[in-house]
Amino acid sequence: GAVVSQHPSWVICKSGTSVKIECRSLDFQATTMFWYRQFPKQSLMLMATSNEGSKATYEQGVEKDKFLINHASLTLSTLTVTSAHPEDSSFYICSARKHGGSVEQFFGPGTRLTVL
Amino acid sequence: DAKTTQPPSMDCAEGRAANLPCNHSTISGNEYVYWYRQIHSQGPQYIIHGLKNNETNEMASLIITEDRKSSTLILPHATLRDTAVYYCIVRPRTSNTGTASKLTFGTGTRLQVTL
């Protein structure tokens, strides 16, 4: 168990448009989900932490109005990149923490975003 | 969370053991050592974790020094599919809030397994 999926796996969009990325925990309930961003040849950087039913907590330097996070249920979190620009092109990865105590995170396969 | 130090890259011949070191000299008593790996263009994959005893699972073994200031991840028989970036992370195991759940990824060790 503990499978996390992301959709889409890749997306190409025009500059100025918005893109929504979904993160789902398929076989468990996730109290907390995390969104990371990874630029080429760099490590993962945490963008925000979202808890079901409450507002996301953003890391320093991450614009909350640009990266909208919704965690409406225990199995789904969405990240919307608003007014995307080429510098937003990156690999976006989500992870989910199971409901109840342990801090283990289970990662999705990632979404490759390319903004033209 | 305590900071970790890993070599940027390592090579290993297929079939041989890969020993990946990690220094975590500032680790505190309630922090565990976690290892994840990331194969190119995929999400990170959990490998193993431990507190102070050596641990083994179907993927790897984790050897933690007695003073807990360093550890070694051992892949006993490396294959080409083990080529990945390996991350060593230390943090508390349990939390009722999001803070201790955060994973801080360093630069990791890029392991290249060759024929």
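Figured I'd write up the structure that's included with this text. From a predicted model like this one, the values you see are computed outputs, not experimental measurements. Chains are numbered independently. Their residues run from 1 in the order of the written sequence. Ligands are numbered from 1 and chains lettered from A, in the order in which they are written. Local features in this predicted model are restricted to residues of pLDDT 70 or higher, and side-chain atom pairs are both shown and tallied only at a pLDDT of 80 or more, whereas totals for entire chains, interfaces and linings draw on every residue. No hydrogens and no water enter the side-chain calculation; it runs on all heavy atoms of the structure.

### What about the side chain of Arg-37 of chain B?
Residues and elements named next belong to chain B. This is how the line gets drawn: Helical segments are the DSSP runs of H or I of at least four residues, strand segments are the runs of E of at least two, and each set is numbered from the N terminus. Type-normalised accessible area, obtained with a 1.4 Å probe on protein chains alone, sets the label of each residue: buried when under 20%, exposed when over 50%, and partly exposed for intermediate values. By the criterion applied in these results, polar contacts are pairs of N or O atoms within 3.5 Å in which, for protein atoms, one can donate a hydrogen and the other can accept it, and in which residues neighboring in sequence qualify only through two side-chain atoms. We call two residues in contact when some of their heavy atoms are within 4.5 Å.
Assignment of secondary structure puts Arg-37 in strand S3 (residues 31-38). Taking relative accessible area as the criterion, Arg-37 reaches 10% and is therefore assigned buried. Here the side chain of Arg-37 touches Asp-82 through a polar contact of 2.8 Å, side chain to side chain. Engagement of the side chain of Arg-37 in a polar contact is seen with the side chain of Tyr-86, the distance being 3.0 Å. For Arg-37, the contacting residues outside a window of four places in its chain are Gly-43, Pro-44, Gln-45, Ile-47, Met-59, Arg-81, Asp-82, Ala-84, Val-85 and Tyr-86.

### Structural notes on the sheet that holds strand S5 (residues 55-56) of chain B
All names here are of chain B. The line we're drawing: Two strands are said to pair when DSSP picks up at least two bridges between them.
The strand order S2-S7-S6-S5 describes an open sheet built from four strands, whose pairing is antiparallel. Each having just a single partner strand, strand S2 (18-23) and S5 make up the two edges of the open sheet. As paired strands, S5 and strand S6 (residues 61-64) are joined by two bridges and run antiparallel to one another. Residue pairing across strands places Glu-55 opposite Leu-62, the latter belonging to S6.

### Some thoughts on the nonpolar core
Worth spelling out the cut-off: The definition of a nonpolar core used throughout is a set of buried Ala, Val, Leu, Ile, Met, Phe, Trp, Tyr and Cys residues joined through side-chain atoms within 4.5 Å.
Trp-35, Phe-67, Leu-79, Tyr-92 and Leu-113 of chain A are the most contacted members of the largest nonpolar core, which has 25 residues in total. Elements with a minimum of two residues in this core: strand S2 (10-13), strand S3 (19-25), strand S4 (30-38), strand S5 (45-51), strand S7 (67-73), strand S8 (76-81), strand S9 (90-98) and strand S11 (111-115) of chain A.

### Description of the pattern of salt bridges
Residue and element names in this part refer to chain B. Formally: Only one rule defines a salt bridge in this text: a Lys or Arg side-chain nitrogen within 4 Å of an Asp or Glu carboxyl oxygen.
Considering all chains together, one arrives at three salt bridges over all chains under this definition. With a closest N to O distance of 2.8 Å, Arg-37 and Asp-82 form a salt bridge. Here Arg-37, found in strand S3, pairs with Asp-82, found in the loop between strand S7 (70-75) and strand S8 (84-92); they are 45 residues apart in sequence, far enough to count as distant. For Asp-82, a relative accessible area of 12% corresponds to the buried category.

### Some remarks on the sheet that holds S7 of chain A
Residues and elements named next belong to chain A. What counts is decided by this rule: Note on geometry: axes are lines fitted to C-alpha atoms, helical ones only across the stretch in contact, with angles between N-to-C directions running from 0 to 180 degrees.
Across the sheet, which stays open at both edges, the four strands sit in the order S1-S3-S8-S7 with antiparallel pairing between neighbours. In this open sheet, the two edge strands, each paired with only one partner strand, are strand S1 (4-7) and S7. On average, each strand axis in the sheet is tilted by 15° relative to the strand beside it, whichever way the strands run. By the bridge criterion, six bridges tie S3 to S8 in an arrangement that is antiparallel. Within S8, the residue paired with Glu-22 across the bridge is Thr-78.

### Re the state of the cysteines
Put simply, the rule is: Put simply, a disulfide is two cysteine sulfurs that come within 2.5 Å.
Overall, the coordinates contain two disulfides over all chains when judged by the stated rule. Disulfide pairing places Cys-23 of chain A opposite Cys-94 of chain A at an S-S distance of 2.0 Å. On the sign convention where negative is left-handed, the bridge of Cys-23 of chain A and Cys-94 of chain A, at about 80° about the S-S bond, is right-handed. With Cys-23 of chain A in strand S3 and Cys-94 of chain A in strand S9, this residue pair connects regions lying 71 residues apart in the sequence. For Cys-23 of chain A, a relative accessible area of 0% gives the class buried. Note on cysteine connectivity: Cys-22 of chain B is disulfide-linked to Cys-88 of chain B, with sulfurs 2.1 Å apart.

### A look at the packing of aromatic side chains
To describe a pair of aromatic rings, you give the distance between the ring centres and the angle between the ring planes. Residue and element names in this part refer to chain B. For clarity, the threshold we go by: By convention, a stacked pair of Phe, Tyr or Trp rings (six-membered ring in the case of Trp) has centres within 6.5 Å and planes under 30 degrees apart, an edge-to-face pair has planes over 60 apart, and any other such pair is tilted.
Throughout the structure, instances matching the rule amount to nine aromatic pairs over all chains. Arranged with centres 5.9 Å apart and planes meeting at 75°, the rings of Tyr-36 and Tyr-46 form a pair that is edge-to-face. In this pair, Tyr-36 is assigned in strand S3 and Tyr-46 in strand S4 (residues 45-50), connecting sequence segments 10 residues apart. Ring centres 6.2 Å apart and planes at 65° place the aromatic pair Tyr-36 and Phe-105 in the edge-to-face group.

### Let's talk about the environment of Gln-38 of chain A
Along the polypeptide, Gln-38 of chain A turns up in strand S4. A relative accessible area of 10% places Gln-38 of chain A in the buried class. For the pair Gln-38 of chain A and Gln-6 of chain A, spaced 32 residues apart in sequence, the C-alpha separation works out to 15 Å. Those residues within four positions of Gln-38 of chain A in sequence are excluded, and the remaining contacts are Ser-43, Leu-44, Ser-90, Phe-91 and Ile-93 of chain A together with Gln-38 and Tyr-87 of chain B. Among the polar contacts listed, one links the side chain of Gln-38 of chain A to the backbone oxygen of Gln-42 of chain A, at a separation of 2.9 Å.

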